[in-house]
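# Results of the structural survey
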Amino acid sequence: MSDKAEQSEPIEHGFREGDPVWVEDGNGRRHPGTYVGDNEASGWFGGGPSAYVVHPEAHQAEVVSVFRITPREE
C-alpha cells in the first residue's frame, strides 16, 4: 500500500455529530466544543486527520486535529 493510500484511510475516533468534546489548545488548556464532522480535505493537503468543532460560547468554529479532541460529559 502506498503512502498516499494510507493517508486517505479514515481514523476510527468514535465521535459522532453533536458530541460534546474538549479541544486542547497549544498551551494544554481545554476548551468546550461540539464535534461537527470530519474534515474530508485533510488528506489532500498532507496533514493528519482533522475535524470540525464549534465553540458555542465563543461563537466560533475551527478545524482541529482529531488528536486534540477528547470526549466531554455534560
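Nothing here was measured: the structure is a model prediction, and the numbers come from that model.

When strand β3 (residues 50–55) meets strand β4 (residues 60–65), the two strands line up antiparallel, connected through 6 bridges. Note that in β4 the partner of V54 across the bridge is A61. From the end of β3 to the start of β4, which pair antiparallel, there are 4 residues, and H59 there has a positive phi angle of about 55°.

So, on to the side chain of D19. Among the secondary structure elements, D19 is positioned in the loop between α1 (3–8) and β1 (20–24). Despite being buried, D19 has no salt bridge partner; R16 is the closest side chain of opposite charge, sitting 4.4 Å away. Looking at D19, its side chain comes within polar contact range of the main-chain nitrogen of R16, at 2.8 Å. For D19, the residues in contact, after removing those within four places along its chain, are G14, G33, T34 and Y35.

What counts and how
- Every chain is numbered independently, its residues counted from 1 as its sequence is written.
- Local features are withheld for residues below a pLDDT of 70 in this predicted model, meaning they are given only at 70 or higher, and side-chain atom pairs are given and counted only at 80 or more; totals for whole chains, interfaces and linings count all residues.
- Here the side-chain values reflect all heavy atoms present in the structure, with hydrogen atoms and water set aside.
- A pair of strands is considered paired only if DSSP assigns at least 2 bridges between the two.
- Helix numbering and strand numbering both begin at the N terminus, where a helix is a DSSP run of H or I of at least 4 residues and a strand a DSSP run of E of at least 2.
- In this scheme, a residue with accessible area under 20% of its type's maximum is buried, one over 50% is exposed, and one in between is partly exposed, where area comes from a 1.4 Å probe on protein chains only.
- Counted as positive: Lys and Arg. Counted as negative: Asp and Glu. His and the chain ends are not counted at all.
- By definition, a salt bridge exists where a carboxyl oxygen of Asp or Glu is found within 4 Å of a side-chain nitrogen of Lys or Arg.
- Any pair of nitrogen or oxygen atoms within 3.5 Å is treated as a polar contact; in protein, a donor-acceptor pairing is required on top of that, and neighbouring residues in sequence qualify only through side-chain atoms on both sides.
- The criterion used for residue contact is that any of the two residues' heavy atoms lie within 4.5 Å.

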